[in-house]
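Close look at the chain arrangement
The lines below spell out each chain.
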Amino acid sequence: MRIILLLAVLLAGCANPYADTIYTNAVVWTGNPDQPVAGAIATRGHDIIYVGDTLAVQGLLGERTRVVDLEGRFVVPGFIDNHTHFLSGGFNLASVQLRDVTNPEEFARRMGAFAATLEPGEWILGGDWDHEAWGGQLPERAWIDSVTADNPVLVSRLDGHMALANSRALELAGVSEETPVPDGGEIVVGADGRLTGVLKDDAMDLVFREVPAPTLEQRLEMLERAQDYALSLGVTQIHDVGSYGGWADREAFREAHKRDLLKLRVYSLVPVSTWERLEPGGDEYVWWGGLKGFVDGSLGSTTALFYEPYLDDPSTSGLLVNDTTLLRQHILAADAAGLHLAIHAIGDKANDWLLDVYAQAAARTEREDRRWRIEHAQHLTPEAIERFAALGVVPSMQPYHAIDDGRWAEKRIGDRIETTYPFRSLLDADAMLTFGSDWTVAPLNPLLGVYAAVTRRTIDDANPGGWVPAQKITVQEALESYTVRNAWAGFSDAFSGAIEPGLRADFVVLSRNLLEIDPETIPDVRVMRTVIDGEEVFIRE
């Protein structure tokens, strides 16, 4: 009776009382705790106007209403990815693919085959190789010099904190054995005293600065390629932390929106060092006001900053990739100016340092609704886990990293893995846990992220019961981290993140019910439809 009365009010108070589209015969997980499950959705224009019973929704059926029978399929709010390098992703889709390479011979073969498709002088970038896939030996320029002689090369490890340059690229950049090692970086030298070609963190800039910046039109091409891919995976909104310095990326998103090319929603962040230039703004498709910075490197590159040395490389406990005095100044000043902070920290010492700076900011300036974030927040002390909720800091995490790094993390940090990717502990501590991909570091597919968070089964299948299984969470909790919590963490909760009347019509139709199937089969689930602003932007044939 209450549903019928509600529809009567809707019909009486609207010049056009009927729905544009009704999606019926569905199992809808809404993300709304007041109405967690429904059978139908009605949309008008950009908005959701009704969520509820499949029978009552017929009251919104007009002569021009389109009805879509979803045949019992599962519907969730549009997936939001909390951390992407989106334009790099679009570039890498058309670049050399090294992620699944398992031996040096195949590494060289693929590099040579890709180089053969290019004009002399064109740079070879991207790659996303993982040296752990062939036993942990770092690649060397000698593997590829003979097959890439006409093209400078700088291909990155999948975490983006280490790259391999060939001899031609090193020569163009003037990098030699005499080059001073920059602060926050490492130039890897072989046993013979010669450069291997591997550069870590800030040392990569020695060669990156020689790479020609892409034009706006090239960036728009990357964006369209990445967007088509994202829509096919049910990604309706991204938080972009930059591929080309942040400002150039934001320019591309704004230009795409201006040309009516942008279909998904983008929260665009720029470097924290440029905070004085940033004035928050935008609309429901592109908005800004957030700042990205770095404390340390990554676990895979042994540059994440820990209190204790790495077990497999006792000579180091990681790197600070920025001057912490200057970074602290930027964070405190940006916070006082009312800007949003999303800072990268991976090692336990790096996370503690950043939590201390956030606490200092809170003591200096009274401000509500900061929504501070720590990007990745991978390796935490038990004490740090409790501080996230106490300080109101969002752990902005990417669950696929856990099932990737879990193959080899213990050899690096030993029993510190017990509080590594601590999803369960953070939720139990009432932290606002959010999820994403870090694409292209990890796959963009949010269903793989849900699978990783729920099963923690490493990608080598060596941990069928889950790697550090005490940190598993439920499917519903993972969905919340990919939807409602992400909307809050990116300041879009006023119009997105859940399926409820008054919000924009952003939702995804899946082939199977994630709440009922064996979690091990989640990677087999397919996106059937992606809807943004009431428009079907992807339909699987």
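So, how was this worked out
Residues numbered from 1 in each chain as written. Predicted model: local features only at pLDDT ≥ 70, side-chain atom pairs only at ≥ 80, totals over all residues. Heavy atoms only, no water. Pairing = 2+ DSSP bridges. Helix = DSSP H or I, 4+ residues; strand = E, 2+ residues; numbered from the N terminus. Axes fitted to C-alpha atoms, helices over the stretch in contact; angles between N-to-C directions. Buried < 20%, exposed > 50% of the residue type's maximum accessible area, 1.4 Å probe, protein only. Salt bridge = Lys/Arg side-chain N within 4 Å of Asp/Glu carboxyl O. Patch = residues over 30% accessible without salt bridge, like charges linked within 9 Å, V, L, I, M, F, W, Y side chains within 5 Å. Areas by Shrake-Rupley, 256 points an atom, 1.4 Å probe, with all protein chains shown as cover. Lys, Arg positive; Asp, Glu negative; His and termini not counted. Charge placed at Lys NZ, Arg CZ, Asp CG, Glu CD. Core = buried A, V, L, I, M, F, W, Y, C linked by side-chain atoms within 4.5 Å. Contact = heavy atoms within 4.5 Å. Expected span 1.5 Å × (residues − 1). Phe/Tyr/Trp six-rings, centres within 6.5 Å; stacked < 30°, edge-to-face > 60°. Polar contact = N/O pair within 3.5 Å; in protein donor to acceptor, adjacent residues only side chain to side chain. Parallel < 35°, antiparallel > 145°, perpendicular 65-115°, else oblique. Left-handed = near helix turned anticlockwise from the far one by under 90°. Right-handed = clockwise from strand over helix to strand, strands pointing away.

**Considerations on the sheet that holds strand E5 (residues 47-52)**
Taken together, 4 strands build an open sheet; the order of strands is E5-E4-E1-E6 and the sheet is mixed. Each edge of the sheet is formed by a strand with only one pairing partner; in this case those strands are E5 and strand E6 (66-69). Across this sheet, the average inter-strand angle for adjacent strands is 15 degrees, counted without regard to direction. With 3 bridges connecting them, strand E1 (residues 21-24) and strand E4 (residues 40-44) associate as antiparallel partners. Counted as the bridge partner of Ile22 is Ala42 from E4.

**A few points about the pairing of strand E23 (residues 507-510)**
Residues of E23 alternate between two faces, with Phe507 and Val509 on one and Val508 and Leu510 on the opposite face, all of them buried. Alignment of strand E7 (residues 74-77) against E23, held across 4 bridges, turns out to be antiparallel. What sits directly across from Val75, in E23, is Val509. In terms of strand pairing, E23 meets strand E24 (residues 527-532) through 4 bridges, oriented antiparallel. Paired with Phe507 across the strands is Val531, a residue of E24.

**A word on the pattern of salt bridges**
Considering all chains together, one arrives at 34 salt bridges under this definition. Note that Asp100 and Arg110 form a salt bridge whose closest N and O atoms lie 2.6 Å from each other. Taken together, the residues span a long stretch of sequence, with Asp100 in the loop between strand E9 (96-97) and helix H3 (104-115) and Arg110 in helix H3 at a distance of 10 residues. For Arg387, the salt bridge is made with Asp356, and the minimal N-O distance between the two is 2.9 Å.

**Overview of a negative patch on the surface**
Together, Glu140, Glu177, Glu178 and Asp192 make up a region of like negative charge exposed at the surface. Within the secondary structure, Glu177 is located in the loop between helix H4 (167-173) and strand E13 (185-189). For Glu177, a relative accessible area of 38% translates into the label partly exposed.

**A word on the nonpolar core**
In terms of nonpolar packing, the biggest core is built from 103 residues, with Leu510 and Leu514 touching the most fellow members. Not counting the four nearest positions on each side in its chain, Leu510 is found in contact with Arg73, Phe74, Val76, Phe79, Leu447, Val525, Arg526, Val527 and Met528. Val96, Phe114, Ile124 and Ile144 belong to the second-largest nonpolar core, a separate cluster that totals 19 residues.

**Here's the deal with helix H9 (residues 348-364)**
For H9, with 17 residues, the first-to-last C-alpha span of 25 Å sits near the 24 Å given by 1.5 Å per residue. Along H9, the residues classified as buried are Asp348, Ala350, Asn351, Asp352, Trp353, Leu354, Leu355, Val357, Tyr358 and Ala361. On its buried side, H9 packs onto helix H8 (324-336), strand E19 (340-345), strand E20 (373-376) and helix H10 (382-391).

**Observations concerning the packing of aromatic side chains**
If you walk through the whole model with that rule in mind, you get 15 aromatic pairs. Aromatic side chains Phe86 and Trp439 sit 5.7 Å apart centroid to centroid with 65 degrees between the ring planes, which places their arrangement in the edge-to-face category. One end of the pair, Phe86, is in helix H2 (residues 86-92); the other, Trp439, is in the loop between strand E22 (434-435) and helix H14 (446-455), and 353 residues separate them in sequence. Here Phe86 falls in the buried class, since its relative accessible area comes to 0%. Residue classification places Trp439 among the buried positions, given a relative accessible area of 6%. For the pair Trp287 and Phe495, a centre-to-centre distance of 5.7 Å together with 85 degrees between the ring planes defines the contact as edge-to-face. Here Trp287, found in strand E18 (residues 286-294), pairs with Phe495, found in the loop between helix H16 (484-489) and E23; they are 208 residues apart in sequence, far enough to count as distant.

**Description of the sheet that holds E7**
Within the open sheet, the 6 strands sit side by side as E3-E2-E7-E23-E24-E25. Their pairing is mixed. Only two strands of the sheet have a single neighbouring strand rather than two, namely strand E3 (37-38) and strand E25 (535-539).

**With respect to the side chain of Asn513**
Within the element layout of this structure, Asn513 appears in the loop between E23 and E24. At a separation of 2.8 Å, a polar atom in the side chain of Asn513 contacts the main-chain amide nitrogen of Leu515. For Asn513, the contacting residues outside a window of four places in its chain are Val27 and Phe74.

**Re the environment of Thr530**
Locating Thr530 in the fold gives a position in strand E24. Take Thr530: its relative accessible area is 0%, and that puts it in the buried class. Sequence separation between Thr530 and Asn92 is 438 residues, and the spatial gap between their C-alpha atoms is 23 Å. With residues up to four places along the chain from it excluded, the contact list for Thr530 reads Leu231, Gly234, Thr236, Phe507, Glu535, Glu536, Val537 and Phe538.

**Considerations on the environment of Trp29**
Within the fold, Trp29 resides in strand E2 (residues 27-29). Spatially, the C-alpha atom of Trp29 lies 29 Å from that of Val441, the residues being 412 residues apart in sequence.

**Notes on the packing of H9 against H10**
Geometrically, a packed helix pair is captured by the angle between its two axes and the distance between the axes. Taken N-terminus to C-terminus, the directions of H9 and H10 make an angle of 25 degrees; their axes are 11 Å apart at the nearest point. Relative to H10, the element H9 is oriented roughly parallel. In the crossing of H9 with H10, the sense of the turn from one axis to the other is left-handed. Side by side, H9 and H10 meet where Asn351, Asp352, Leu355, Asp356 and Ala359 of the first sit next to Ala384, Arg387, Phe388 and Leu391 of the second.

**Re the packing of helix H6 (residues 216-232) against helix H7 (residues 247-258)**
Contact geometry of H6 with H7 gives a least axis separation of 9 Å together with a crossing angle of 75 degrees. Relative to H7, H6 is oriented roughly perpendicular. Contact residues: H6 offers Leu216, Arg219, Leu220 and Leu223, while H7 offers Ala248, Glu251, Ala252, Phe253, Glu255 and Ala256.

**Examining the pairing of E18**
In summary, the side chains of a regular strand alternate between the two faces of the sheet. Counting buried positions along E18 yields 8 of 9 residues, so the element is predominantly enclosed. Where strand E16 (residues 265-271) meets E18, 6 bridges bridge the pair, whose relative direction is parallel. Looking at E18, one finds that Tyr267 is bridged to Trp287. Both strand E17 (residues 281-282) and E18 contribute to a ladder of 2 bridges, which runs antiparallel. Each bridged residue has a counterpart across the sheet, and for Gly282 the counterpart in E18 is Trp287. Once E17 ends, the chain turns through 3 residues before running back antiparallel as E18. Direction of pairing for E18 relative to E19: parallel, over a ladder of 5 bridges. Pairing of Lys292 across the sheet is with Ala342, part of E19. In terms of handedness, the path from E18 via H8 over to E19 forms a crossover that is right-handed.

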